[in-house]
Amino acid sequence: MIPYLIHLFILIGVYYILALSLQVSMGFTGLLNLAQIAFFAIGAYTSALLTLAGVPFLLSFVLAGVLALISGFLLSLPLNKLKGDYLAVVTIGFTFIVYAITLNWIELTRGPLGIPGIPKPDIFGYVFNSNESYLVLVTIIAIVIWIFVRAVVRSPFGRTLEAVRDDELATKMLGKDTKKIKAISMMMAAFLAGLAGSLYAHYITFIDPSSFALMQIVPIISIVIIGGLASLPGTLLATIILILLPEPMRFIGFPSSIVGPMRQILYAVILLAVLLYRPKGFWGKVELE
Amino acid sequence: MFLQLLFNSLIAAAIYALVAAGLSLIYSTCRFIHFAHGSVVAAGGYFLYFFYSLLGVNFWISVVLAILSGAGLGWLINEFIYRPLRQRKASNTILLVASISVLIIIESLLLISFGADVKVIDFLVNSRGIVIAGAVIMPLQVAIIVVAILLFLLLRLFLKFSKMGQAMRAVSDNKDVAEIVGISSEKVYSQTFVLGSAIASLAGILIAMEQNLEPSMGTILIIKGFTSAIVGGMGTILGSAIGALTLGVAENFGIWYLPSGYKDAIAFVILFLFLLVRPSGILGIKSSFKN
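All of these numbers come straight from a predicted model, not from anything done at the bench.

Draft legend 1. Looking closely at the overall build of chain B. Within chain B, the regular secondary structure consists of eleven helices and two strands. Tracing chain B from N to C terminus, the helices and strands come up as α-α-α-α-β-β-α-α-α-α-α-α-α. Since a compact globule built from 291 residues should have a radius of gyration of about 19 Å, the 18 Å found for chain B is in line with a globular shape. Dimensions of chain B, computed from C-alpha atoms along their principal axes, come out at roughly 60 × 45 × 35 Å. Per-residue burial for chain B yields a buried fraction of 53% across its 291 residues. Counting only contacts in chain B whose residues sit at least 6 apart along the sequence, the fraction spanning at least 24 positions is 77%.

Quick look at the structure:
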């Protein structure tokens, strides 16, 4: 039982970081950025390939975030031209392109065969072999990231982000370079998602394109919307609830071929229910616009 | 070789055009991207499988039943999900997110009900291909192209001359003025969903017969249908056709040079490029539904 719980809490940690990244771009800046899964994938593959090539974990971890950040920058370039649902569709398209690359660039990613045998993190000689130690690692990193995001959000920059979300035109009129602000927000979100991807890759030790399909964004969006846009405590609570909620299904006795899609249905239904009945989520400041 | 690629492009284009037409129709009246349309296409194919292969109903009756079921599904989605959201003044971004959820729910339900394995419809399986100047085309594929062309013509006539069609055009052009003139926009939305989903089911049926069925086909198809609609010009019937043709050609001629695994990626890249550079599409029409 305990190892199972440890596994769940590691996942909670990873998804929490991913949800925070979406919260930064969607909750605070109002960008309907559905590309987090793409950045997650880029981070995962980067970290996996680098460590397999012998690069030390800490460096790979950081580079995973950096590479994701660069992709975030590239994606942010067309931001000004697009708004609302067109932005959403472009980010979806970006997710698909990254997915197609992981599937087809076989020389680099081994395509559908995936990358097995990803080494456990080795920090200054200590190897995080056991799940317990990995949980400690993930928790520490998650806390550090939470402190960082909280600091950003409470800073004047954070207020500017929310201003861009609430009324971009007014913010521009006040002299703020909204294009740059949105780009920074996007890059930050991408960086965090890349870090989460690295943690994911080194935990599961095997990654393949199927973990990064478009559908995987639904749990993340659900977490952010249910927890409430622009609410950090809400994000944590929602992550815990949404990761733990489908688990009882394993014990009810559904065959494993059904558990997977049932989980997806559960997340999608919850998302719909929240959109219909409580669009602000638990502690959201604003509704999804 | 060139002729074979051309044939393949036309067949693909016919299918994408059918998907894009329904999507475009719904977008032009309801003003949001109904992502779940792809799953209605998949459902249409699975309905045919259900009636014909599982229940053993006569093929043509199964086709009719499948189209009706698909149209009904579309109506249900609108009635119980989009309409309540609209009543809560949801923005079209929320509707987009909701439609992604619906897509996932329907696809997961298909997965649970029918299993992940690929299904085949055994009708018209043993047919000989027609050979024209070294290129082969199957009778079924010719039928698909013919059906697509016929459908587009019928749709155009419907929109131009029928009262319901004109009401749809009115609402897509200017909803408020249409309401002033006495057209119920909610009723038009319902009708649009029924019509669009019927076309989607038809597309699903044709795909099921020409290729095969798998639960995740909806996601890929909606991306390709959406790409076709954007490339041609979202909100026009002709645009769907032009966009589909462009995409079909790009895909099939593209994999002449690239490894065939990149076929789907071509669609995504084209979509990405057009959204960035020319979101209004080839025909350059932005919002209202024109003939």
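Here the narrative resumes, following the displayed structure.
Draft legend 2. A look at the overall build of chain A. Regarding its fold elements, chain A presents 13 helices and two strands. In terms of overall dimensions, chain A is globule-like: its C-alpha atoms have a radius of gyration of 18 Å, near the 19 Å expected for 289 residues. Overall, chain A is about 55 × 45 × 35 Å in size when its C-alpha atoms are taken along their principal axes. Counting every position in chain A, which comprises 289 residues, the buried fraction comes to 49%. If you take every contact in chain A between residues at least 6 apart in sequence, the share linking residues at least 24 apart comes to 79%.

Draft legend 3. Seen up close, the environment of E247(A). In this structure, E247(A) sits in the loop between α11 (232–244) and α12 (248–252). As a C-alpha pair, E247(A) and V259(A) span twelve residues in sequence and 9.2 Å in three-dimensional space.

Draft legend 4. A look at the interface of chain B and chain A. Contacts between the two partners involve 34 residues from chain B and, on the opposite side, 32 residues from chain A. Counting residues per element, the ones that place at least two in the side of chain B that touches chain A are α3 (59–87), α4 (92–114), α9 (217–232) and α11 (263–277) of chain B. Sort the elements by how many residues they give to the side of chain B that touches chain A and α4(B) lands first, with 14 residues. Grouping the constituent residues of the side of chain B that touches chain A by class yields 26 nonpolar, seven polar and one charged.

Draft legend 5. Spotlight on the environment of I237(B). Tracing the sequence through the fold places I237(B) in helix α10 (residues 237–257). C-alpha of I237(B) to C-alpha of L25(B): the two residues are 212 residues apart in sequence and 7.7 Å apart in space.

Draft legend 6. Expanded view of the packing of helix α1 (residues 2–28) of chain A against helix α10 (residues 217–227) of chain A. All names here are of chain A. For the pair α1 and α10, the least separation of the axes is 9 Å and the interaxial angle reads 65°. The orientation of α1 relative to α10 falls into the category roughly perpendicular. For the crossing formed where α1 meets α10, the hand is right-handed. Contacts from Y15, L18, A19, L22, Q23, M26 and G27 of α1 reach α10 at I220, I223 and V224. Looking at the contact of α1 with α10 residue by residue, the classes come out as eight nonpolar, two polar and no charged.

Draft legend 7. Unusual backbone geometry, seen in detail. Residue and element names in this part refer to chain A. A positive phi is found at R110, a non-glycine position, where the angle reads about 60°. Among the secondary structure elements, R110 is positioned in the loop between α5 (106–109) and β1 (122–123). Looking at R110, the number of C-beta atoms within 10 Å reads 16, which means it is partly exposed.

Draft legend 8. Inspection of the packing of α10(A) against helix α13 (residues 256–277) of chain A at higher detail. Residue and element names in this part refer to chain A. Two elements in contact, α10 and α13, have axes separated by 9 Å at closest approach and are oriented at 35°. Viewed along their axes, α10 and α13 form a crossing whose handedness is left-handed. Residue-level contacts link V218, P219, I221, S222, I225 and I226 of α10 to Y267, A268, I270, L271 and V274 of α13. When grouped by side-chain class, the residues that make up the contact of α10 with α13 number ten nonpolar, one polar and no charged.

Draft legend 9. Broad picture of α9(B). All names here are of chain B. Between its terminal C-alpha atoms α9 stretches 22 Å, which fits the 22 Å expected from 16 residues at 1.5 Å a residue. By the criterion of burial, α9 is predominantly enclosed, with 15 of the 16 residues buried. Taken from the residues just after α9, G233 is the one with a positive phi, measuring 125°.

Draft legend 10. Quick look at α10(A). Among the eleven residues of α10(A), eleven are classified as buried, and the element is accordingly described as predominantly covered. Of all the residues in α10(A), the buried ones are I217(A), V218(A), P219(A), I220(A), I221(A), S222(A), I223(A), V224(A), I225(A), I226(A) and G227(A).

Draft legend 11. Layout of the confidence of the model for chain B. Residue and element names in this part refer to chain B. Looking at chain B, the pLDDT average stands at 85 and 96% of residues meet or exceed 70. Confidence scores differ between elements of chain B, with strand β1 (residues 130–132) showing the lowest mean pLDDT of 75 and helix α8 (residues 185–210) the highest of 91. Here residues 287–291 scores under 50 on pLDDT; set against residues more than four positions off or in separate chains, the count is 18 contacts.

Rules of the game
- Residue numbers here run from 1 along each chain, matching the order of that chain's written sequence.
- Chains carry letters and ligands carry numbers; both start at the beginning, A for chains and 1 for ligands, and go up in the order they are written.
- Whole-chain, interface and lining totals are the exception, using all residues; otherwise, since this is a predicted model, local features are given only for residues with pLDDT of at least 70 and side-chain atom pairs are given and counted only at 80 or more.
- By the criteria applied, helices consist of DSSP H or I runs no shorter than four residues and strands consist of E runs no shorter than two, each listed in order from the N terminus.
- Both definitions apply: the radius of gyration is a C-alpha atom measure, and the globule rule equals 2.2 Å times residues to the power 0.38.
- Each residue is classified by how many other C-beta atoms fall within 10 Å of its C-beta atom, where C-beta atoms are placed from the backbone; a count of 20 or more means buried, 12 or fewer means exposed, and values in between mean partly exposed.
- The contact criterion used here is simple: two residues whose C-beta atoms, placed from the backbone, lie within 7 Å are in contact.
- Three classes are used: nonpolar for Ala, Val, Leu, Ile, Met, Phe, Trp, Tyr, Cys and Pro, charged for Asp, Glu, Lys and Arg, and polar for all others, with Gly counted as polar.
- Only the contacting stretch of a helix is used when fitting its axis, a line to C-alpha atoms as for every element, and angles between N-to-C directions run 0 to 180 degrees.
- Comment on the angle field: the value is read as roughly parallel under 35 degrees, roughly antiparallel over 145, roughly perpendicular from 65 to 115, and oblique elsewhere.
- Crossing handedness: left-handed means the near helix sits turned counterclockwise from the far one by under a right angle, and right-handed means the same turn made clockwise.
- Multiply 1.5 Å by the residue count of a helix minus one, and that product is the helix's expected span.
- The pLDDT score gives, residue by residue, the confidence of the prediction method on a 0 to 100 scale.

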